[in-house]
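The lines below spell out each chain.
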Amino acid sequence: MSAAAPLDRGGPAQPLLTVRGLVKHFAVKGSLFGAKAMVRAVDGVDFEILKGETLGVVGESGCGKSTTARLLMHLIEPDAGTLIFDGETVGDGGLTMREFRRQVQMVFQDSYASLNPRLTVEASIAFGPQVHGVQARQAVDRAHGLLDRVGLDPSRFAGRYPHELSGGQRQRVNIARALALQPRLLILDEAVSALDKSVEAQVLNLLLDLKEEFGLTYLFISHDLNVVRFMSDRVAVMYLGKMAEIGPAGAVFDKAAHPYSAALTRSMPSMDPDHRTEEAPIAGDPPNPINPPTGCRFHTRCTFAESVCSTRVPALDPVGPEGGPSHLAACLMHEPGSGHSKAEAS
Amino acid sequence: MSEPLVQVRGLTVSFMGGPSPIRAVNGVDLELRAGETYALLGESGSGKSVTLRALMRLNPEKKTRVEGSIRVDGQDVMALNRKQLQQFRGKTLSMVFQEPALALDPVYTLGQQIAEAVAIHEGVSHAEGRKRALELFERVRIPSPERRLDAYPHEMSGGMRQRAMIALALSCRPQVLLADEPTTALDATVQIQILLLLRELQRELGLAVIFVTHDIGVAVEVADRIAVMYAGRIVETGAVRDIIRNPSHPYTIGLLRSRAHGALQKGARLETIPGSPPDLANLPAGCPFAPRCRYAIDQCQTVTPEPVAVRDGQIVRCLRVGELEAV
């Protein structure tokens, strides 16, 4: 691409994005007698995205993974929380929202709804750079270069409208558009979930290539654990608006510290006709986030739950020497002195 | 062996009304015996759901041209009149849909919906129907079933609604259960519960099941046999083990290889199938997969491959199937 690579201010050890105490509660219509209910969609979430990594986020519907993504982009205003982008606080006299959004871009699940139906592909991609002060001519050139890079021949595709493309092609356009501002962080919110399997693989490969070529960092949100494992360096597991576990992908998938992460990985179909799943790892549906369970939110479905789990909220703490400080879980079994029979006495 | 419970021969389904007909199903043959679970596996537009709907004559009659023969339990489905069709649906064959929130009636409780179906089909009282509904709710393991019978669909979680939908589908003791992506809208931990429930019900009630899915992992969990569909045809069919271990059609091979899974090296690239599925209003001549197939030869562009048996019960539609064994 034409412009120079964006400046790396804080050096490689500085996390690209630090998220502290992110909270979003949505008010929902109360009952007949007026009590207002709150959906605690994201309820105090902390994490870091390191430079050059792919952080995967998994969890079931209502766990807050998509809300978290939207809060990061300020597509929804958070109730509380701090974002630090490469050492600079976002907003509050630090990095402006406009500059933050140039450096952080997002690709959504619905490839059609996220494109303007009245703009050609080329105009959609060139729109962002023009808003940010790039000359129209240059912006269009950049759009052509990106189309070529995502595997769409500009001479054939630049003048097309979104409805003239297949789902896979549209998602390529969305990726090109996200890259047009030369961002450093790409948030991919179920970006391949709506695609057919044979097309999904093509787009995943493209994402890996682009990451290498442009030195990108990804926040990769998906409900498909196989895909998250394939893409991610580290994985965060969310449950009902809280972080349950975060750590290296291999550790979270193979040596999960939180019973929920373990149940989630064991719920994946086995792919082996001789060893089919014989027992469901956990019973029931995820509870309603309007009235989440007290204490550890997972205790209503957890096989290890004891009475302490319904009263004490677990902290997100490092889980032992194997995991190291990079592997954290919020479970009373790993919290010394928590009162759970499997926890060490303090 | 006895006559199969479901026998489909040369089924074609085209949707009219557009500038040119959409050829959704282009010659499907399938047989299903009592107690057998068959998975139709394919991507969107492969014709798997349309095939399933054709078995129940659910495709809109005015806009659809259906040809071929469908026999279920000795009845010629294409020849059924309105009244016979009403008896046939629910009693011989019934269906579980992907989105129970849309398939269930929002203004009646689940108890009312099930009791009504039983009362109409079997000519029993409503109270008798409700008793059956309670039995079914216990059978599909809905907790506190008595109370849940009086719940409206919106008062239940997604997994509970799908259990209720299964109870409704089983209410008139069908012989064949059709399931159209019944777990696609569910979370992973709930999906596995529903798959295990379907497997258990199938075994205990001796049901024949046709299960439509786009997820090969789901198919492996539930099915005895898999039929892989592409562009309205079954391109490969066989026992689950044979399809997974010895896939023989280039499309099946490609699908299995392009799957992301844990054993892959970090940073490795997936093997992909190039291109995208064909436009059903404008199908290419010859093998519809040829434009995406890395093994295609000139002949593939002109000759439609006939089914060839590669091993016992495994049938493949590919001109090069003999030569590919070694690849």
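Along every chain, residues carry numbers that run from 1 in the direction the sequence is written. Each chain takes a letter, starting from A, and each ligand takes a number, starting from 1, following the order in which they are written. Two thresholds apply to this predicted model, a pLDDT of at least 70 for residue-level local features and 80 or more for giving and counting side-chain atom pairs, whereas whole-chain, interface and lining totals are computed over all residues. Note that the side-chain values use all heavy atoms of the structure and ignore hydrogens as well as water.

### Considerations on the packing of aromatic side chains
Step number 1: Stacked, tilted and edge-to-face are the three classes applied to pairs of Phe, Tyr and Trp rings, where Trp contributes its six-membered ring and a pair requires centres within 6.5 Å; stacked means planes under 30 degrees apart, edge-to-face means over 60, and tilted covers the rest. On inspection of all chains with the given rule, the structure shows seven aromatic pairs over all chains.
Step number 2: Between Y239 of chain A and Y260 of chain A, the ring centres sit 4.5 Å apart and the planes meet at 55°, which makes this aromatic pair tilted. Residue Y239 of chain A is located in strand β9 (residues 234–239), and its partner Y260 of chain A is located in helix α10 (residues 259–266); the two are separated by 21 residues in the primary sequence. A single burial state applies to Y239 of chain A and to Y260 of chain A, both of which are buried.
Step number 3: On the numbers, 5.3 Å between centres and 65° between planes, the contact of Y251 of chain B with F289 of chain B is edge-to-face. Within this pair, whereas Y251 of chain B is found in helix α11 (residues 250–257), its partner F289 of chain B is found in the loop between α11 and β11 (308–311), the two being separated by 38 residues in sequence. Take Y251 of chain B and F289 of chain B: they sit in the same class, and that class is buried.
Step number 4: Every member of this aromatic cluster is reached through a ring pair, and the members are Y239, Y260 and F298 of chain A.
Step number 5: Directly above the aromatic system of Y38 of chain B lies the positively charged group of R225 of chain B, at a separation of 4.3 Å from the ring centroid. Every helix listed is a DSSP run of H or I at least four residues long, and every strand listed is a run of E at least two residues long, numbered separately from the N terminus. Here's how the labels work: a residue is buried when its accessible area is under 20% of the maximum for its type, exposed when over 50%, partly exposed in between, all with a 1.4 Å probe on protein chains only. In this scheme, the term charge over a ring applies when either NZ of a lysine or CZ of an arginine sits within 6 Å of the ring centre and within 35 degrees of the ring normal.

### Brief notes about the sheet that holds strand β5 (residues 88–89) of chain A
Sheet strands pair via backbone hydrogen bonds, and the direction of the pair is either parallel or antiparallel.
Residue and element names in this part refer to chain A.
Step number 1: As summarised here, the arrangement of the four strands in space is β2-β1-β4-β5, forming an open sheet in which the pairing is antiparallel. Two strands close off the open sheet at either side, each with one partner strand: β2 (37–49) and β5.
Step number 2: Only when DSSP finds a minimum of two bridges between them are two strands counted as paired. Direction of pairing for strand β1 (residues 17–28) relative to β2: antiparallel, over a ladder of 10 bridges. Paired with T18 across the strands is E48, a residue of β2.
Step number 3: Sheet contacts for helix α1 (residues 65–72): β1, β2 and β4 (80–85); angle to β1, the most-contacted strand, approximately 115°. Whether two residues are in contact is decided by their heavy atoms, any of which lying within 4.5 Å being enough. The axes are straight lines fitted to the C-alpha atoms, using for helices just the contacting stretch, and the angles between their N-to-C directions are given from 0 to 180°.

### Observations regarding the pairing of β1 of chain A
Each regular strand carries side chains that alternate between the two faces of the sheet.
Step number 1: Relative to β4 of chain A, β1 of chain A runs antiparallel, the two being bridged by five bridges. Paired with R20 of chain A across the two strands is T82 of chain A, which belongs to β4 of chain A.

### Examining the pairing of strand β6 (residues 93–96) of chain B
Residues and elements named next belong to chain B.
Step number 1: Burial of the side chains of β6 extends over both faces: L93 and M95 are buried on one face and S94 and V96 on the other.
Step number 2: Sheet topology places β6 next to strand β7 (residues 176–180); four bridges connect them, and they run parallel. Bridging across to β7, L93 finds its partner in V176.

### Digging into the packing of helix α6 (residues 167–179) of chain A against helix α7 (residues 197–214) of chain A
Residues and elements named next belong to chain A.
Step number 1: Relative orientation of the contacting elements α6 and α7 amounts to 15°, with a least axis distance of 10 Å. It follows from the interaxial angle that α6 and α7 lie roughly parallel. The way α6 lies across α7 gives a crossing that is right-handed. Counted together, G168, R172, I175 and L179 of α6 and V199, Q202, V203, L206, L207, L210 and F214 of α7 form the full contact between these two elements.
Step number 2: Grouping the constituent residues of the contact of α6 with α7 by class yields eight nonpolar, two polar and one charged. An angle counts as roughly parallel when it lies under 35 degrees, as roughly antiparallel when it exceeds 145, as roughly perpendicular when it falls between 65 and 115, and as oblique in every other case. Crossing handedness is defined as follows: a turn of the near helix away from the far one that is anticlockwise and smaller than a right angle gives a left-handed crossing, while the clockwise case is right-handed. Under this grouping Gly is polar, as are all residues other than the nonpolar Ala, Val, Leu, Ile, Met, Phe, Trp, Tyr, Cys and Pro and the charged Asp, Glu, Lys and Arg.

### Thoughts on the side chain of R170 of chain A
Residue and element names in this part refer to chain A.
Step number 1: As for its position among the elements, R170 is in helix α6.
Step number 2: Lys and Arg are tallied as positive, Asp and Glu as negative. Neither His nor the chain termini are counted. Counted as salt bridges are all cases of a side-chain nitrogen of Lys or Arg within 4 Å of a carboxyl oxygen of Asp or Glu. Here R170 occupies a buried position and makes no salt bridge, while the nearest side chain of opposite charge, D110, is found at 6.2 Å.
Step number 3: Definition of a polar contact: a pair of N or O atoms within 3.5 Å, with one able to donate and the other able to accept a hydrogen when the atoms are protein atoms, and with sequence-neighbouring residues admitted only if both atoms are side-chain atoms. Side chain to side chain, R170 and S111 meet in a polar contact 3.2 Å long.
Step number 4: Beyond its immediate stretch of four places on either side in the chain, R170 contacts S111, Y112, L115, P162, H163 and L165.

### Quick notes on the pattern of salt bridges
Step number 1: Inspection of the entire model under this criterion finds 39 salt bridges over all chains.
Step number 2: Across the pair E67 of chain B and R65 of chain B runs a salt bridge whose closest N-O atoms are separated by 3.6 Å.
Step number 3: A salt bridge links R130 of chain B to D150 of chain B; the shortest N-O distance between them is 3.1 Å. Of the two residues, R130 of chain B is situated in helix α5 (residues 126–139) and D150 of chain B in the loop between α6 (145–148) and α7 (158–170); the sequence distance between them amounts to 20 residues.
Step number 4: R130 of chain B gets classed as partly exposed once you look at its relative accessible area, which sits at 27%.
Step number 5: Assessed through its relative accessible area of 44%, D150 of chain B is described here as partly exposed.
Step number 6: One salt-bridge network, held together by shared partners, links D272 and D274 of chain A together with R241 and R245 of chain B.

### Let's talk about helix α4 (residues 136–149) of chain A
All names here are of chain A.
Step number 1: Take the number of residues in a helix, subtract one, and multiply by 1.5 Å to get its expected span. Counted at 1.5 Å a residue, the expected span for α4 with its 14 residues is 20 Å, and the 20 Å between its end C-alpha atoms agrees.
Step number 2: Among the residues of α4, A139, R142, A143, L146 and L147 are the ones counted as buried. For α4, the arc enclosing every buried residue in end-on projection is 140°, short of the 170-degree limit, so these residues lie on one face. Within α4, the exposed residues directed more than 90 degrees away from the buried face are R137 and D148.
Step number 3: Elements that come into contact with the buried residues of α4 comprise α3 (121–131), α5 (154–157) and α6.
Step number 4: Two residues or fewer after α4 comes G151, characterised by a positive phi angle close to 90°. Within this analysis, the arc is defined by the directions that extend from the helix axis to the C-beta atoms.

### Thoughts on the confidence of the model for chain A
Step number 1: pLDDT: the predictor's confidence for each residue, scored from 0 to 100. Looking at chain A as a whole, the pLDDT averages 91, with 95% of positions reaching at least 70.
Step number 2: Under a pLDDT of 50 for its full length, residues 1–5 of chain A has, in the predicted model, six contacts with residues more than four places off or in other chains.

### Here we look at the nonpolar core
Step number 1: Membership of the largest hydrophobic core comes to 68 residues, with the highest contact counts inside it found for F137, I166, L177, F211, I226 and Y251 of chain B.
Step number 2: Broken down by element, the residue count for this core peaks at eight residues, all from helix α8 (residues 188–205) of chain B.
Step number 3: What Y251 of chain B contacts, discounting residues up to four positions off in sequence, is E43, V228, M229, Y230, V235, I273 and F289 of chain B.
Step number 4: V58, A180, V192 and L208 of chain A belong to the second largest nonpolar core, which has 59 residues in total. The term nonpolar core refers to a set of buried residues drawn from Ala, Val, Leu, Ile, Met, Phe, Trp, Tyr and Cys, joined through side-chain atoms within 4.5 Å.

### Remarks on the interface of chain B and chain A
Step number 1: Between chain B and chain A, the residue contacts involve 48 residues of the former and 42 residues of the latter.
Step number 2: Across the chain B to chain A interface the summed buried area is about 3,600 Å²; carbon plus sulfur atoms make up 51%.
Step number 3: Across the chain B-chain A interface, the total number found is six salt bridges.
Step number 4: At the surface where chain B touches chain A, the tally comes to 26 residue pairs in polar contact (both at pLDDT 80 or more).
Step number 5: A total of eight residues in the side of chain B that touches chain A trace back to one element, the largest contributor, which is α8 of chain B. The term buried area refers to how much accessible surface (probe radius 1.4 Å) is lost by two components on association, counted for both of them together.

### Observations concerning the sheet that holds strand β8 (residues 217–221) of chain A
All names here are of chain A.
Step number 1: Read from one edge of the open sheet, eight strands run β6-β7-β8-β3-β9-β10-β12-β11, paired in mixed fashion. The sheet is open, and its two edges are formed by β6 (104–107) and β11 (317–318), each paired on a single side.
Step number 2: Summarising the sheet, strand β3 (residues 54–58) and β8 pair through four bridges and their orientation is parallel. Bridge pairing links V57 to I221 in β8.
Step number 3: Across the sheet, α7 is in contact with β3, β7 (185–189) and β8; its angle to β8 comes to roughly 155°.

### Structural notes on the UniProt feature "domain: ABC transporter" (unreviewed entry) in chain B
Step number 1: UniProt positions are given in the numbering used here, feature names are shortened, and annotations may be inferred rather than shown by experiment. Sequence positions flagged by UniProt for "domain: ABC transporter" (unreviewed entry) are, in local numbering, residues 8–256 of chain B.
Step number 2: For residues 8–256 of chain B, helix accounts for 42% and strand for 25%, while the C-alpha atoms at its two ends are 27 Å apart.

### Details of α7 of chain A
Residues and elements named next belong to chain A.
Step number 1: An ideal rise of 1.5 Å per residue puts 26 Å on 18 residues; α7 measures up with 26 Å between its terminal C-alpha atoms.
Step number 2: Burial of α7 is extensive: 13 of the 18 residues sit out of reach of the surface.
Step number 3: At the exit of α7 stands G215, carrying a positive phi of roughly 60°.

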